[in-house]
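Fold and contact review
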Amino acid sequence: MSKSIQTFLFQKSDLIITHSNEAVNFAKSYAKCPVIYKCHPFNQIIINRFNKRIEKHDVFIWGAILPYKGVLEFLLEHKTRQSKLSVYILGKCNDPVLSKAIRNMCNTYISYDNRVAGFDEIAANIKKSRFVLFPYIGSCVSSSGALIDTIVMHGVPIGPNKGAFIDLAYENLCITYNNYDELFNLLSSHDIILDNNAFIKNNSWTHFGCFLKDIINKIQQ
């Protein structure tokens with residue numbers, strides 16, 4: 001059903017906007033209209049003070065826990081390498097098998113809370129963590145709302161060298177890796193500071209609406 005809808009939209013759309021350049025290349029193979037890349041806009045996140053104590057961690061992973069996000073695979077690699085990097089995972093997993101497997105990996109260096117958290121708590125953990133990791137696997141990665149939110153909350157995101165991660169790394173907003181060797185070298189490196197103030201200013205939904213209006217006007221002319 002999804003493929004049928006996608007084919008229909010490729011044939012009938014007057015304009016396609018994607019949130020990664022990889023998606024542009026894919027869409028252009030099928031579309032009969034202009035295809036334009038525009039970074040995923042973000043909601044302004046209003047953060048109140050989180051009063052509970054937050055532990056410091058090297059790696060913070062947050063958001064819905066799904067198989068394609070590669071959390072379990074990362075933890076298995078962490079164990080294989082006998083890494084001492086501290087890892088905190090905060091996110092809801094509705095797959096009992098996956099959730100149990102992740103819990104079984106918890107130890108002195110790895111902790112996991114299977115629940116939904118508010119942005120106040122997430123932002124507090126991002127502030128206390130050296131890196132925010134997106135260990136996505138497979139070829140389905142195109143864009144990530146959690147990646148955008150992490151940037152808005154002034155985190156230092158690390159993700160695979162694909163999809164929107166490539167585009168945002170080019171703008172010095174995140175760090176990418178090609179394999180686990182590169183990833184663990186990055187995670188073991190010194191703290192990294194990224195400049196995201198201009199991005200936050202220019203990628204709100206208001207700016208996206210203005211961009212969309214201008215593009216539609218050009219097409220209609």
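You'll find the structure just up there.
Quick summary incoming for the structure in this document.

Details of the pairing of strand S3 (residues 57-62)
For S3, a buried count of 6 out of 6 residues is recorded, marking the element as mostly surrounded by other parts of the structure. Across 3 bridges, the pairing between S3 and strand S6 (residues 129-133) is parallel. By the bridge assignment for S6, His 57 is matched with Ser 129. For the crossover from S3 across helix H3 (residues 71-80) to strand S4 (residues 87-90), the handedness is right-handed.

Some thoughts on unusual backbone geometry
Look at Gln 82: it is not a glycine, yet its phi comes out positive at around 55°. With respect to the helices and strands, the residue Gln 82 is situated in the loop between H3 and S4. According to the relative accessible area criterion, Gln 82 is exposed, its value standing at 68%. Of note, the phi angle at His 154 is positive, near 65°, even though the residue is not glycine. Structurally, His 154 can be placed in the loop between helix H6 (145-152) and strand S7 (157-160).

So, the sheet that holds S4
Pairing within the open sheet is parallel, and its 6 strands lie in the order S5-S4-S3-S6-S7-S8. Looking along the sheet, the strands with just one partner apiece sit at the ends: strand S5 (110-113) and strand S8 (175-177). Taking each pair of neighbouring strands and ignoring which way they run, the sheet shows an average axis angle of 25°. When S7 meets S8, the two strands line up parallel, connected through 3 bridges. Across the sheet, residue Gly 159 finds its bridge partner in S8, namely Thr 176. Packed on one face of the sheet, helix H5 (residues 119-128) meets S3, S4 and S6 and runs near 150° to S3.

Conventions used here
The written sequence of each chain sets the order in which its residues are numbered from 1. pLDDT decides what is reported in this predicted model: residues at 70 or higher carry local features, side-chain atom pairs at 80 or more are listed and counted, and totals for whole chains, interfaces and linings draw on all residues regardless. Each side-chain value is derived from all of the structure's non-hydrogen atoms; neither hydrogens nor water enter the calculation. Categorising residues by exposure relies on relative accessible area from a 1.4 Å probe, with only protein chains included: less than 20% of the type maximum marks a residue as buried, more than 50% marks it as exposed, and the intermediate range marks it as partly exposed. Numbering of helices and strands runs from the N terminus; a helix is a DSSP stretch of H or I covering at least four residues, while a strand is a stretch of E covering at least two. Any two strands between which DSSP finds at least two bridges are classified as paired. By convention, a crossover is right-handed whenever its connection, traced from the first strand over the helix to the second and viewed with the strands pointing away, goes clockwise. Lines fitted to C-alpha atoms define the axes, with helix axes restricted to the stretch in contact, and inter-axis angles between N-to-C directions lie between 0 and 180 degrees. The contact criterion used throughout is that any non-hydrogen atoms of two residues lie within 4.5 Å.

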